[in-house]
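Secondary and tertiary structure notes
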Amino acid sequence: MDTHPFLEKLLDGMEAEWKPLGEVVKGRCGKRLVKSQLADSGDFAVFQNSMKPLGYYHESNVSPGSAFIICGGAAGEIGYSDFPFWAADDVYYFLPPERVLSKYLYYWLLTQRDKITAQVRRASVPRLSKVFIDRFSFPIPCPDNPEKSLAIQNEIVRILDKFTELTAELTAELTAELTVRKKQYKYYREKLLTFGEDVLWVPISEVFHLKNGYTPSRAKQEFWEDGTVPWFRMDDIRQNGHILGHSLQKISKSAIKGGKLFPANSLIFATSATVGKHALISVPYLSNQRFTNLSVKEKYRDTFADRFLFYYGFLISDWCKKNTKKSSFPSVNMNGFRKFKIPIPYPDNPERSLAEQARIVAILDKFDALTISLTDGLSREIELSQKQYEYYRDLLLNFPKPEKDAA
C-alpha cells in the first residue's frame, strides 16, 4: 500500500522550530552502582554501558516512557523504555518534557544515529560528550500551536510504533520458520548418520592425526606482514560457514612451526572456549589454539569421503557440547574425544561403503543448500523490512531547516 499521499497530507505545510536539544529537554546522568549492589534478577534493570542490563536493583531513578543515550562503552546507542529502570553514570536520560513526547524524541534521535556515533571519541573506552548531545539541533513541529504540535507528534509516534510492531512480528515469524527448518535438517542428518548392523566403529584417534593449532607471536611483525598462509579462527566459521577455503587472516611462511601446514580436507573442532563449532578446510592451512585439527591418517584416506566425515562432525560437535569441563575456561574432555567412534558402513565392501557415504552426502548437501538459501532469503526479507521502516521514519521526521542551519 502506498502511504505517500497520507504522509504528504500529514506533513503538508508543517513548519518546525529548531532549537538546541538541551533547551527543550533536560538531560540527566545516572548514578553508578557497584557490583555488590546488583542482583541477577529484580524489579528494575540497571543500564550502564550497553543496551543489555548490567544487573538488577531494588530501586529505579528513571521514570517509564523515557528516552536515553549510552555515553560510555557502546557509546551512541539510543534507547527507550516503557518501564522504570536504574540509569548508571554512563547513561544520559531525558526527563519527560512538556512540549515534546519522549517517544517522538526517541524516534528522532534514531534518525540522527550516524551523526551521533560520528562524535564518539574512540579510546580504550569509547565516550560520547553530553555537551554535544545538548547542543544537537532538534525540531519542534508547529511551534506556535502546542496542541497541534503534540497531535502531530502523536501521529508520527503511532505510525512508527506500527511499523516497529510489524517489523518485529515479521522478524519473529521468519526466525521461527528458520528454526523449524534447522530442526528438520538436524533430525534428518542424525537419522541418516545413525547406523545399525554391518558397520565398524573406529575411534577418532585411530582415524585421525590430532594436533592443536597455535597463534604466532604478535610481537614479531614479520609473522603477520604480507601473509599468504591461511590461519583460521572462530570468526571464520561465524562469518563464512562450515566449509572454508579462505581465511580472514593470513600469516607469513616464517611463522610456520617446523615448516608444516595441516593438509587440505582436514577438520577443525573448537575444543575450548566456544566449544563444538567445526569446519572442513579445503586448503593447506594453520589454525589458532582454540581448535583441535583432525587430519585423516594414510591408512584411512581411501576409506572415508571427506564430506561424510564433515557431516558426521555435527554429531561429534554435539558430543563435545555435552562433555565439556565446566570452569572459567570451558574445554572438552579430550580423553573421551579421542575415544569417540566413527562409523565405517559396510566395512568388508569398500566400494559399497563409499557409495553409501556418497548417497548420504548427496542428500545432506541438498538439505544444507536449502537451509543456506532459506537463511539468506529470510535475512534479506528482514533487512528489507528494516530498511522500509527506516525510510518512513526518516521521511516522517525530515523537517526542513532554516537555510542558515541547513548545513
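Look a little higher up for the structure.
These figures come from a predicted structure and were not determined experimentally.

Before going further, it helps to examine the overall build of the protein chain. If you tally the helices and strands in the protein chain, you get eleven helices and 21 strands. For 407 residues, the compact-globule formula gives about 22 Å, and the C-alpha radius of gyration of the protein chain, at 28 Å, lies well above that figure. Along the longest, intermediate and shortest principal axes, the C-alpha atoms of the protein chain span 90 × 50 × 45 Å. Out of the 407 residues in the protein chain, the part that is buried amounts to 42%. Considering only contacts in the protein chain between residues 6 or more positions apart, those separated by 24 or more positions represent 71%. For the protein chain, the exposed surface amounts to about 22,600 Å²; the carbon and sulfur share of it is 51%. Side-chain charges in the protein chain split into 56 positive and 49 negative, and the spacing between the mean points of these groups amounts to 9 Å.

This paragraph deals with the layout of surface pockets. Roughly 770 Å³ of volume is contained in the largest pocket. Contributing to the lining of the largest pocket are 23 residues, with K182, R189, H242, K277 and F314 lying nearest its centre. Taken together, the elements giving at least two residues each to the lining of the largest pocket come down to α6 (146-192), α8 (234-240), α9 (306-322) and α11 (350-396). Class assignment of the residues belonging to the lining of the largest pocket gives a composition of six nonpolar, eight polar and nine charged.

The next point concerns the packing of aromatic side chains. Inspection of every chain in the model, using the stated rule, returns 28 aromatic pairs. Plain terms: the ring middles of Y80 and Y106 are 5.6 Å apart, the flat faces sit at 40° to each other, and that makes the pair tilted. With Y80 in strand β6 (residues 78-81) and Y106 in helix α3 (residues 102-111), this residue pair connects regions lying 26 residues apart in the sequence. Here Y80 falls in the partly exposed class, since its relative accessible area comes to 23%. Ring centres 5.1 Å apart and planes at 90° place the aromatic pair F132 and F136 in the edge-to-face group. The exposure class assigned to F132 is partly exposed, which follows from its relative accessible area of 21%. Among the aromatic residues, those joined into a ring-pair cluster are Y104, W108, F132, F136 and F138.

Spatial ordering of the open sheet is given by β4-β3-β7, a layout of three strands whose pairing is mixed. Among the strands making up the open sheet, the edge pair consists of β4 (55-57) and β7 (86-87). Taken together, the three bridges between strand β3 (residues 44-47) and β4 define a ladder with antiparallel strand orientation. Across the sheet, the residue bridging to V46 is G55, located in β4.

Secondary-structure assignment places T371 in helix α11. Of the residues examined, T371 reaches a relative accessible area of 12% and is grouped as buried.

Read across the sheet, four strands follow the order β2-β8-β5-β6 without closing on themselves; strand pairing throughout is antiparallel. The two strands at the open ends of the sheet, each matched to only one other strand, are β2 (27-29) and β6. Across the sheet, the axes of successive neighbouring strands diverge by a mean angle of 30°, strand direction being ignored. Here four bridges tie strand β5 (residues 66-70) to β6, and the two strands are oriented antiparallel to one another. Counterpart to F68 in the pairing with β6 is G79. Of the strands in this sheet, β5, β6 and β8 (91-94) are in contact with α3, which crosses β6 at around 160°.

Looking now at the packing of α9 against α11. Between two packed helices, what matters for the description is the angle formed by their axes and the separation of those axes. Packing of α9 against α11 leaves a shortest axis separation of 9 Å and a crossing angle of 60°. Judged by the inter-axis angle, α9 sits oblique to α11. By crossing handedness, the relation of α9 to α11 is classed as left-handed. Every residue of α11 that contacts α9 at R307, F308 and Y311 is listed here: Q357, I360, V361, L364, D365 and D368.

About the cut-offs
Residues numbered from 1 in each chain as written. Predicted model: local features only at pLDDT ≥ 70, side-chain atom pairs only at ≥ 80, totals over all residues. Heavy atoms only, no water. Helix = DSSP H or I, 4+ residues; strand = E, 2+ residues; numbered from the N terminus. Rg over C-alpha atoms; globule rule 2.2 N^0.38 Å. Buried < 20%, exposed > 50% of the residue type's maximum accessible area, 1.4 Å probe, protein only. Contact = heavy atoms within 4.5 Å. Areas by Shrake-Rupley, 256 points an atom, 1.4 Å probe, with all protein chains shown as cover. Lys, Arg positive; Asp, Glu negative; His and termini not counted. Charge placed at Lys NZ, Arg CZ, Asp CG, Glu CD. 1 Å grid on protein atoms, 1.4 Å probe; cavity = no way out; pocket = protein on both sides within 12 Å on 5 of 7 lines; lining within 4 Å. Points joined across faces, edges and corners; volume = space filled by probe spheres on them. Nonpolar A, V, L, I, M, F, W, Y, C, P; charged D, E, K, R; others polar. Phe/Tyr/Trp six-rings, centres within 6.5 Å; stacked < 30°, edge-to-face > 60°. Pairing = 2+ DSSP bridges. Axes fitted to C-alpha atoms, helices over the stretch in contact; angles between N-to-C directions. Parallel < 35°, antiparallel > 145°, perpendicular 65-115°, else oblique. Left-handed = near helix turned anticlockwise from the far one by under 90°.

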